Amino acid sequence: MSGHVMVFAPTPRLTVTVDQPSEQPELHLHPGGQGVWQARMIMSLGVPVVLCTTLGGEIGQVLEPLLATEGVDLRVVRRDSCSGGYVHDRRDGTRQEIVDVVGAPLSRHELDELYNLALGEGLRAPVSVLSGPNEPSLVPADLYRRFAADLGANGGRVVVDLAGEHLTAVLASGVFFLKVSHEELIADGRSTGAEEDELTRAMYDLHASGAENVVVSRADRPALALVDGEVFEVEMPRLEAADPRGAGDSMTAGVAAVVAGGGDVRTAIRTGAAAGALNVTRHGLGTGRLDTIAGLVDRVRLVPAGSRPQERTTPDELADRAVDR
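In what follows, the accompanying structure is described. What you are looking at is a predicted structure, and each value in this text was computed from that prediction instead of being measured. (Residues numbered from 1 in each chain as written. Predicted model: local features only at pLDDT ≥ 70, side-chain atom pairs only at ≥ 80, totals over all residues. Heavy atoms only, no water.)

Quick notes on the pairing of strand β1 (residues 5-9)
Of all five residues making up β1, five are buried, and the element is well covered by its neighbours. Burial of β1 is two-sided: the residues Val5, Val7 and Ala9 facing one way and the residues Met6 and Phe8 facing the other way are all buried. In the sheet, β1 pairs with strand β4 (residues 49-55) via five bridges, with the strands oriented parallel. By the bridge assignment, valine 7 is partnered in β4 with leucine 51. With four bridges joining them, β1 and strand β8 (residues 127-130) adopt parallel strand pairing. Pairing of methionine 6 across the sheet is with serine 128, part of β8. (Buried < 20%, exposed > 50% of the residue type's maximum accessible area, 1.4 Å probe, protein only. Helix = DSSP H or I, 4+ residues; strand = E, 2+ residues; numbered from the N terminus. Pairing = 2+ DSSP bridges.)

What to know about unusual backbone geometry
The backbone of aspartate 228 sits at a positive phi, close to 50 degrees, despite the residue not being glycine. Structurally, aspartate 228 is set in the loop between β12 (221-227) and β13 (230-235). Aspartate 228 gets classed as exposed once you look at its relative accessible area, which sits at 62%.

Some remarks on the sheet that holds strand β6 (residues 84-89)
Judged by pairing direction, the sheet is mixed, and its four strands sit side by side in the order β3-β2-β6-β7 without closing on themselves. Looking at strand neighbours, the two that pair on one side only are β3 (26-32) and β7 (96-101), the edges of this open sheet. Ignoring which end each strand starts from, the neighbouring axes of this sheet average 15 degrees apart. Note: β6 against β7, five bridges, orientation antiparallel. What sits directly across from aspartate 89, in β7, is glutamine 96. Here helix α1 (residues 34-44) sits on the sheet and contacts β3 and β6; the angle it forms with β3, its principal contact strand, is near 90 degrees. Here helix α2 (residues 57-69) sits on the sheet in contact with β2 (13-19), β3 and β6, set at roughly 85 degrees to β3. (Axes fitted to C-alpha atoms, helices over the stretch in contact; angles between N-to-C directions. Contact = heavy atoms within 4.5 Å.)

Here we look at the packing of helix α3 (residues 108-123) against helix α4 (residues 141-153)
Running from N to C, α3 and α4 cross one another at 25 degrees; their axes reach a closest spacing of 11 Å. Between α3 and α4, the angle is such that the two are roughly parallel. Pair α3 / α4 crosses with right-handed handedness. Seen from α3, the contacting residues are Leu111, Tyr115, Ala118, Leu119, Gly122 and Leu123; seen from α4, they are Leu143, Arg146, Phe147, Asp150 and Leu151. (Parallel < 35°, antiparallel > 145°, perpendicular 65-115°, else oblique. Left-handed = near helix turned anticlockwise from the far one by under 90°.)

So, the packing of α4 against helix α5 (residues 164-173)
Their axes nearest at 7 Å, the elements α4 and α5 cross at an angle of 25 degrees. One way to sum up the angle between α4 and α5 is to call them roughly parallel. Crossing hand, α4 versus α5: right-handed. Contacts between α4 and α5 involve Ala141, Tyr144, Arg145, Ala148 and Ala149 on the former and, on the latter, Glu165, His166, Ala169, Val170, Ala172 and Ser173. Considering only residue class, the contact of α4 with α5 consists of seven nonpolar, two polar and two charged. (Nonpolar A, V, L, I, M, F, W, Y, C, P; charged D, E, K, R; others polar.)

A short note on the pattern of salt bridges
Applying the stated rule across the entire model yields 13 salt bridges. Among the ionic pairs, glutamate 233 bridges to arginine 218, the shortest N-O distance being 3.6 Å. In this pair, glutamate 233 is assigned in strand β13 and arginine 218 in strand β11 (residues 211-218), connecting sequence segments 15 residues apart. Residue classification places glutamate 233 among the buried residues on the basis of a relative accessible area of 18%. Arginine 218 sits in the buried class, given a relative accessible area of 3%. (Salt bridge = Lys/Arg side-chain N within 4 Å of Asp/Glu carboxyl O.)

Focus: the packing of aromatic side chains
Within this structure, the stated rule accounts for three aromatic pairs. Ring centres of phenylalanine 8 and phenylalanine 147 lie 4.9 Å apart, and the angle between their planes is 70 degrees; on these two criteria the pair is classed as edge-to-face. With phenylalanine 8 in strand β1 and phenylalanine 147 in helix α4, this pair connects stretches of sequence that are 139 residues apart. Of the two residues, phenylalanine 8 and phenylalanine 147, neither departs from the other in class, the shared state being buried. Ring centres of tyrosine 115 and phenylalanine 147 lie 5.0 Å apart, and the angle between their planes is 45 degrees; this geometry places the pair in the tilted category. You can see tyrosine 115 sitting in helix α3 and its partner phenylalanine 147 sitting in helix α4, a full 32 residues away along the chain. Three or more aromatic residues link up through ring pairs in this structure, and these residues are Phe8, Tyr115, Tyr144 and Phe147. For the cation-ring pair, arginine 146 lies above tyrosine 115, with the distance from its terminal atom to the ring centre recorded as 4.1 Å. (Phe/Tyr/Trp six-rings, centres within 6.5 Å; stacked < 30°, edge-to-face > 60°. Lys NZ or Arg CZ within 6 Å of the ring centre and 35° of its normal.)

In structure tokens:
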């Protein structure tokens, strides 16, 4: 794959996990957060990443060398307040949260510096992934609106996995690809339920609002994809999960990696689905072997959604159904 991806990761986190695969307990320290996990998977797919982020305090001092070992091209804005992190205990086979340090909101100066840094890098990349903060209050939504507008106006393709006010903000400027979960759509009031018709209507609404392509993940059910005005179910092989977290971030990363390499959207979605499916078989978030992901891509299919695959459901028809209820 050619090209590279800029990943905007405003609030990375230090993740500390206590594990005990044998008689002795182990401590695992890694950089984490949505943007870091996305960057890790993009690099697993052989695509270079420029990671734009902020670091501060003792946690930031620990995070910086850990991020450097990920192999990303790291761009950092120093912040006065401390970065965040969490400690999880996984000794009994399930994750138990011990402590979660959210971190402080970025100051106006820090936001300005980060915006300028990431915009410059994003203008040089064919694809930019705008990852969300671990807590919405840490970074204002309007920053994402401006980012999507400035990158899109200059020919960049913007990929996002956002919800709430941050999603609303980027839609106002338009994005090339949006991944969102059905739970987030319901929580945001964009869908009235989890049924396929309701989610399909929400996807058409998202498209009309500014998302060129949309994927809605549905937990253990096939994801739905809206591409070129048609809705598909993303069918993929079932794999036994070691850790269900991170599948969505891996899917977003897979899409960004393929598009940065000049691939088409359908291949990108199939690759993202394969990356997400493989990620849940591993304990490390945003990880997966390139050769295994490539083998899984051939087993992922985009099947026209609905009981009558050849019959397209238009937004007007869906609106009529909602009125009839």
